[in-house]
Amino acid sequence: MIPQQDADPRSMRERMLAGDLYIADDPELAEANAAALDLTAAYNATTVRQEPLRRALLERLLGAVGEDTAIRPPLHVDYGVHISIGARCFANYGLVALDVAAITIGDDVQIGPNVQLLTPTHPVEAGPRRDKWEAAEPITIGDNVWLGGGVIVLPGVTIGENTVVGAGAVVSRDLPANVVAVGNPARVVRTIEEPAARDEAVAGVEEA
């Protein structure tokens, strides 16, 4: 059911942040988006020799950014402030992070070139979509995840820690920790053993 604009006292921004249907063509949201685009344009215009300026712009743009985290321009966001990224992360060229809902990225995450983190959703029904209603679902990326080049993560997805997603995969459902997933839609093809467990297994074989 699509809400009527006069039936809900909340602003469109409040609806958006609650994950409810809202209309993005709203003056408050348009201004927030414009401010983010100004900052991303400035960030994307920096050079590798301007690391202090890059860091300052990134801290203004994003909701939180950990120490020793680097994002290579170009970077593209909707609002920026709804993105939290941990320490020691690296994102290669062309990251698209559409943060209509929260995007939470843990520590030590590796993100390949042209990865897309997409929180927005749109009604399947033609009428509401024509009327420009939309919503969003948050994305969570656990610690030490590696997203290969061109990976697309869809709305509402959580990826567990240490998981590797192969290049070009489309992640439409949650992925557990400690797995390798590939394909469209992404599917788990194997688990990742912790080094300690692997060493114990090898030792057991040798003793036998």
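Given the structure is predicted, the values throughout are model-derived calculations rather than measurements.

*Asks:* In this structure, what is going on with the pairing of strand β19 (residues 179–182)? I would like to understand it.
*Replies:* Two faces make up the sheet, and in a regular strand the side chains alternate between them. Relative to β19, strand β17 (residues 164–165) runs parallel, the two being bridged by 2 bridges. Residue pairing for β19: Val 164 is matched across the bridge by Val 180. Of the pairings in the sheet, the one linking β19 to strand β20 (residues 187–191) comprises 4 bridges and is antiparallel in character. Residue pairing across strands places Val 182 opposite Arg 187, the latter belonging to β20.

*Asks:* Is there a simple way to think about the nonpolar core in this case?
*Replies:* Membership of the largest hydrophobic core comes to 37 residues, with the highest contact counts inside it found for Ile 105, Leu 117, Leu 147, Val 153, Ile 159 and Val 171. Elements represented by at least two residues in this core include exactly α2 (27–44), α3 (51–61), β4 (75–77), β5 (83–85), β7 (95–98), β8 (103–105) and β13 (139–141).

*Asks:* Teacher, can you tell me more about the environment of Trp 146 here?
*Replies:* Note on placement: Trp 146 falls in strand β14 (residues 146–147). Taking C-alpha positions, Trp 146 is 5.9 Å from Val 109, a pair spaced 37 residues apart along the chain. Not counting chain neighbours up to four residues away, the residues in contact with Trp 146 comprise Gln 110, Thr 163, Val 164 and Val 165.

*Asks:* Help me understand the layout of surface pockets, please; the structure alone is not making it clear to me.
*Replies:* Leftover empty space is mapped by rolling, across the atoms, a probe with the size of a water molecule. Roughly 160 Å³ of volume is contained in the largest pocket. Considering the residues around the largest pocket, the lining is formed by 13 residues, among which Glu 51, Arg 54, Ala 70, Ile 71 and Arg 72 are closest to the centre. Listing elements by their share of the lining of the largest pocket, those giving two or more residues are α3 and β3 (70–71). For the lining of the largest pocket, the element with the highest residue contribution is α3, accounting for 4 residues. The residue makeup of the lining of the largest pocket, split by class, is 8 nonpolar, 1 polar and 4 charged.

*Asks:* Quick question: what am I supposed to make of the sheet that holds strand β11 (residues 120–121) here?
*Replies:* In a beta sheet, neighbouring strands are held together by backbone hydrogen bonds and run either parallel or antiparallel to one another. What the 3 strands build is an open sheet, ordered β1-β12-β11; its pairing is antiparallel. The two strands at the open ends of the sheet, each matched to only one other strand, are β1 (22–23) and β11.

*Asks:* Quick question: what am I supposed to make of the packing of α2 against α3 here?
*Replies:* Relative orientation and spacing of two packed helices are given, respectively, by the angle between their axes and the distance between those axes. Two elements in contact, α2 and α3, have axes whose closest approach is 10 Å; the angle formed by their N-to-C orientations is 160 degrees. Looking at the two axes, α2 sits roughly antiparallel to α3. Our pair here, α2 against α3, has a crossing hand that is left-handed. Contacts from Ala 36, Leu 39, Thr 40, Ala 42 and Tyr 43 of α2 reach α3 at Arg 54, Leu 57, Leu 58, Arg 60 and Leu 61. In terms of residue class, the contact of α2 with α3 is built from 7 nonpolar, 1 polar and 2 charged.

*Asks:* Can you walk me through the side chain of Thr 119 in this structure?
*Replies:* Assignment of secondary structure puts Thr 119 in the loop between β10 (116–118) and β11. A residue is classified by how much of its surface remains accessible, and Thr 119, at 0% relative accessible area, is buried. Within the structure, Thr 119 has its side chain in polar contact with the backbone oxygen of Leu 98 (distance 2.7 Å). Residue contacts for Thr 119: discarding those within four places in its chain leaves Leu 98, Asp 99, Val 100, Ala 101, Ala 102, Ile 103, Ala 135, Ala 136, Glu 137, Ile 139 and Pro 155.

*Asks:* Looking at this structure, how should I read α2?
*Replies:* Spacing of three or four residues puts side chains on the same side of an α-helix, whose turn is 3.6 residues. Here α2 is 18 residues long and its end C-alpha atoms lie 25 Å apart, about the 26 Å a rise of 1.5 Å per residue gives. Those residues of α2 that sit buried are Leu 29, Ala 36, Leu 39, Thr 40 and Tyr 43. One face of α2 carries all of its buried residues, which in axial projection span an arc of 100 degrees. With respect to the buried face of α2, the exposed residues turned more than 90 degrees away are Pro 27, Glu 31 and Asp 38. Those residues of α2 that are buried are in contact with α1 (12–17), β1, α3, β3 and β4. The N-terminus of α2 is capped by Asp 26, whose side-chain oxygen sits 3.1 Å from the backbone nitrogen of Glu 28.

The rules behind the values
Residues numbered from 1 in each chain as written. Predicted model: local features only at pLDDT ≥ 70, side-chain atom pairs only at ≥ 80, totals over all residues. Heavy atoms only, no water. Pairing = 2+ DSSP bridges. Helix = DSSP H or I, 4+ residues; strand = E, 2+ residues; numbered from the N terminus. Core = buried A, V, L, I, M, F, W, Y, C linked by side-chain atoms within 4.5 Å. Buried < 20%, exposed > 50% of the residue type's maximum accessible area, 1.4 Å probe, protein only. Contact = heavy atoms within 4.5 Å. 1 Å grid on protein atoms, 1.4 Å probe; cavity = no way out; pocket = protein on both sides within 12 Å on 5 of 7 lines; lining within 4 Å. Points joined across faces, edges and corners; volume = space filled by probe spheres on them. Nonpolar A, V, L, I, M, F, W, Y, C, P; charged D, E, K, R; others polar. Axes fitted to C-alpha atoms, helices over the stretch in contact; angles between N-to-C directions. Parallel < 35°, antiparallel > 145°, perpendicular 65-115°, else oblique. Left-handed = near helix turned anticlockwise from the far one by under 90°. Polar contact = N/O pair within 3.5 Å; in protein donor to acceptor, adjacent residues only side chain to side chain. Expected span 1.5 Å × (residues − 1). Arc of directions from axis to C-beta.

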